[in-house]
Amino acid sequence: MARKEEKPNGIQQLKADIKEGNLSRLYILHGEETFLLHHYLEQLKKLILDELTESFNYHRFTNENFTLQEFADAVENLPMMAERTLVHVDDVDLFRLPADTKSKVIEILKDIPDYCTVVVTFLTVVWKSDKELTDCGQVVEFARQEPRDLIPWITRHFSAKGKRISTELCNYLIDITGGTMTALSGEIEKI
């Protein structure tokens, strides 16, 4: 009997995409661990954009400036002196858009050109599993990390600063910060 091949989870696939430089057209990033979300968003930016052409090839939309027409134009814009463009939809509540606008957004997301990567981030807006959106691209959830994963991460950060920390102190730090990487990184900087 042939062994069933397991599909990698969102984070594993995103890491592989970044490492190989083989990006999907759409990433939907959400979850409680905003430190990781920001980290991987920055990795995508570094891979796609360069300092000289960023102003031409990076388009960021928020609730304040999101319009359907400007979003559609940004997705269709050809890259300027680069291979790709990056369109970042940052914390726009796609679930509350009028039905006709949402369906047009879905149409755009289903037909993203090869030269464009769209990243939709949900930070304060709660991600609701939406089959239409999920079918358009790769959904990556950044869940709160387990202590077994955080302890080596904390140890590496202390080591990078020329310090050492015991497992017991790592657990204590996790307990007093609530265990999010964002809170932990702030405390590690203070120490």
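Structure first, text after, so check above.
Focus: the nonpolar core
Then step 1. In this structure, Leu14, Leu29, Phe142 and Ile154 are the most contacted members of the largest nonpolar core, which totals 30 residues.
Then step 2. For this core, the secondary structure elements donating two or more residues are helix H1 (10–20), strand E1 (26–30), helix H2 (34–48), helix H7 (147–160), helix H8 (167–177) and helix H9 (181–190).
Then step 3. Among the elements that take part in this core, H2 stands out by supplying six residues, more than any other.
Then step 4. Setting aside anything within four residues of it in sequence, one finds leucine 29 in contact with Leu14, Leu37, Leu41, Val119, Val120, Thr121, Phe122, Val140 and Phe142.
Then step 5. Membership of the second largest hydrophobic core comes to 27 residues, among which are Ile28, Leu94, Leu109 and Cys116.

Digging into the pairing of E1
Then step 1. Of all five residues making up E1, five are buried, and the element is well covered by its neighbours.
Then step 2. Neither face of E1 is open: one carries Leu26, Ile28 and His30, the other Tyr27 and Leu29, and all of them are buried.
Then step 3. Where E1 meets strand E4 (residues 116–122), five bridges bridge the pair, whose relative direction is parallel. Its bridge partner lying in E4, leucine 29 is registered against threonine 121.
Then step 4. Sheet topology places E1 next to strand E5 (residues 138–141); four bridges connect them, and they run parallel. Residue pairing in the sheet places leucine 29 in a bridge with valine 140 of E5.

The rules we used
- Residues numbered from 1 in each chain as written.
- Predicted model: local features only at pLDDT ≥ 70, side-chain atom pairs only at ≥ 80, totals over all residues.
- Heavy atoms only, no water.
- Core = buried A, V, L, I, M, F, W, Y, C linked by side-chain atoms within 4.5 Å.
- Buried < 20%, exposed > 50% of the residue type's maximum accessible area, 1.4 Å probe, protein only.
- Helix = DSSP H or I, 4+ residues; strand = E, 2+ residues; numbered from the N terminus.
- Contact = heavy atoms within 4.5 Å.
- Pairing = 2+ DSSP bridges.

No statement about biological role is implied by the geometric values presented.
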